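One letter stands for each residue in the lines below.
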Amino acid sequence: MLRVAGLLIALIACISLGAQAASLPAKANLCSACHGSQGQGSDGLYPRLAGQPADYLYRQLENFSNGARKNSVMAAIAGQLTAGDMHSLATYFSSLQVAFVPQTSAKLTVTELALGRELVTLGDWAHGVPACASCHAPDLGGVAPQIPGLAGQPVQYLGAALQRLKTSDDSNLAAATMQKVSRGLSADDIQAVAAYIGSLKAGEQPVVTRPVFDVDYHPVAQSPAAFTPPPLSAIPTGPDGDAIWQGLQLFKHTRALASDYVGNDLNCVNCHVDLGRQAGSAPMWAAYVAYPKYRSKNHKVNTLEERIQGCFRYSMNGKPPAADSAGMKALVAYFHWLATGLPVGITPKGAGYPKLPDPPEKASVERGAKVYAANCAICHADNGEGRNVRHAQVFPPLWGPRSYNAGAGMSNIRMAAAFIHANMPYGRGRQLTLQEAWDVAAYMDGQPRPPDPRK
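Calculation rules
- Residues numbered from 1 in each chain as written.
- Predicted model: local features only at pLDDT ≥ 70, side-chain atom pairs only at ≥ 80, totals over all residues.
- Heavy atoms only, no water.
- Salt bridge = Lys/Arg side-chain N within 4 Å of Asp/Glu carboxyl O.
- Helix = DSSP H or I, 4+ residues; strand = E, 2+ residues; numbered from the N terminus.
- Buried < 20%, exposed > 50% of the residue type's maximum accessible area, 1.4 Å probe, protein only.
- Core = buried A, V, L, I, M, F, W, Y, C linked by side-chain atoms within 4.5 Å.
- Contact = heavy atoms within 4.5 Å.
- Axes fitted to C-alpha atoms, helices over the stretch in contact; angles between N-to-C directions.
- Parallel < 35°, antiparallel > 145°, perpendicular 65-115°, else oblique.
- Nonpolar A, V, L, I, M, F, W, Y, C, P; charged D, E, K, R; others polar.

Asks: Even after reading the chapter, I still don't get the pattern of salt bridges, so can you show me in this structure?
Replies: Between side chains of opposite charge, pairing is possible as soon as their charged atoms come close. Summed over all chains, the structure comprises 12 salt bridges. Among the salt bridges present, the one from R414 reaches D358, with a minimum N-O distance of 2.6 Å. Of this pair, R414 sits in helix α19 (residues 413-423) while D358 sits in the loop between α16 (326-338) and α17 (365-375), and the two are 56 residues apart along the sequence. Here D358 falls in the exposed class, since its relative accessible area comes to 52%. The partner of D452 in a salt bridge is R454, and the shortest N-O contact between them spans 2.7 Å.

Asks: What's the story with the nonpolar core in this structure? I'm lost.
Replies: Most often, soluble globular proteins keep nonpolar side chains buried together rather than apart. Residues I308, Y334, F335, W337, Y372 and I420 are the most contacted members of the largest nonpolar core, which totals 64 residues. Going through the elements one at a time, α11 (238-252), α13 (273-276), α14 (284-290), α15 (304-313), α16, α17, α19 and α20 (434-445) are the ones with two or more residues in this core. Counting residues per element, this core draws most heavily on α16, which supplies 8 residues. When near neighbours in sequence (up to four residues on either side) are disregarded, Y334 contacts I244, G247, L248, F251, L275 and R277. Ranked by size, the runner-up nonpolar core spans 21 residues in total, among them A28, M74, A78 and L96.

Asks: Honestly, the packing of α17 against α20 in this entry has me stumped. Any pointers?
Replies: Direction vectors running N to C along α17 and α20 enclose 100°, while the axes themselves pass 7 Å from each other. On the basis of their axis angle, the class for α17 and α20 is roughly perpendicular. Taken together, the residues of α20 that come into contact with α17 (itself represented by V365, R367, G368, A369, V371 and Y372) are Q435, E436, D439, V440, A442 and Y443. Partitioning the contact of α17 with α20 into residue classes produces 7 nonpolar, 2 polar and 3 charged.

Next comes the structure, spelled out in structure tokens:
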């Protein structure tokens, strides 16, 4: 009864706005009472609609209407809308650009806001939490067509939404992804993330900052069967720490910071999840202790520097930096630090990509196209070109002129299938079946890309 009464109150309020909303699309007053006449959000719990991707808004109305997203009030409202109504409303609110002001909370300390910034910009992969900015764009403005913006959303709404997702049974891809992410966040994490996002000014881009060195951290020798790289708070002060931090930045922003050597739109983190820390995603701590070693690809013993040069030549479709260049030294310093406590001479668990058995059936390009459309296109686009928004590459291209070339390791179907199975969809690794991973790898392999420079 309370929900019904709330809906009636909302509808009465909407009627009172009718005269002001004459120029709005039909039935826009159903949205304005709660979300504001300009879709700016209101009263803490009502989200901002202004500027959200139109397709995202349309799909949410559709999901409320068909029950794929659960909310009794929104289901009643969406049930009054035709598909045409949903399209016009989504297009209208998406076109609105309404400035927002930072929201502050006197209850949160500087430490708690720093936690929120770290989760937003770096994530917490140890608990299965990617950085918010890695999917919602570096400025948290959202990525068309289906990934919403977080910037400007009410703090209370963000916290409630993350908390609700922990137990959500919404039956759509985005909700399933966020359900897994939210379960890796504690109540304090959620509060910190929501408050930090709310503290941002319009147009302000969250910037990752170097964590304060933890004087209580003391490295210890670890077993290669259960290795954990040191936390970022263990990066030391002084010149060594400066080089490590520079290497981390190059690894994350390779295209921007090493543009002379990168010939496409990829960064190292695209193939090495969690800043090269994630087991099963060719982690850099395992690479550091593996070299020098012989590689059949170039028929010689390679140093670590030569292996990195190969990445620039093939995966980055660029040219290799000099082995003694400042950037190369910084990358090696970062990899060396990641391997703190790891013995050499023993291949650690989690090195490379997990070895996959052959698929139950021969990999199918036709099936792979369907897997791609259902699970990959939301991030990498229908044509595999990735997503570039507001001058920032959010999701990398998987084929085409701006992707890795035919000499890269990822152009090998077995390696691509292994990476996909372990790490994709992003933040929900191992959700695809063995067959699906092989099929979509075969589909990707059949797409055009730059040629192998050796040929």
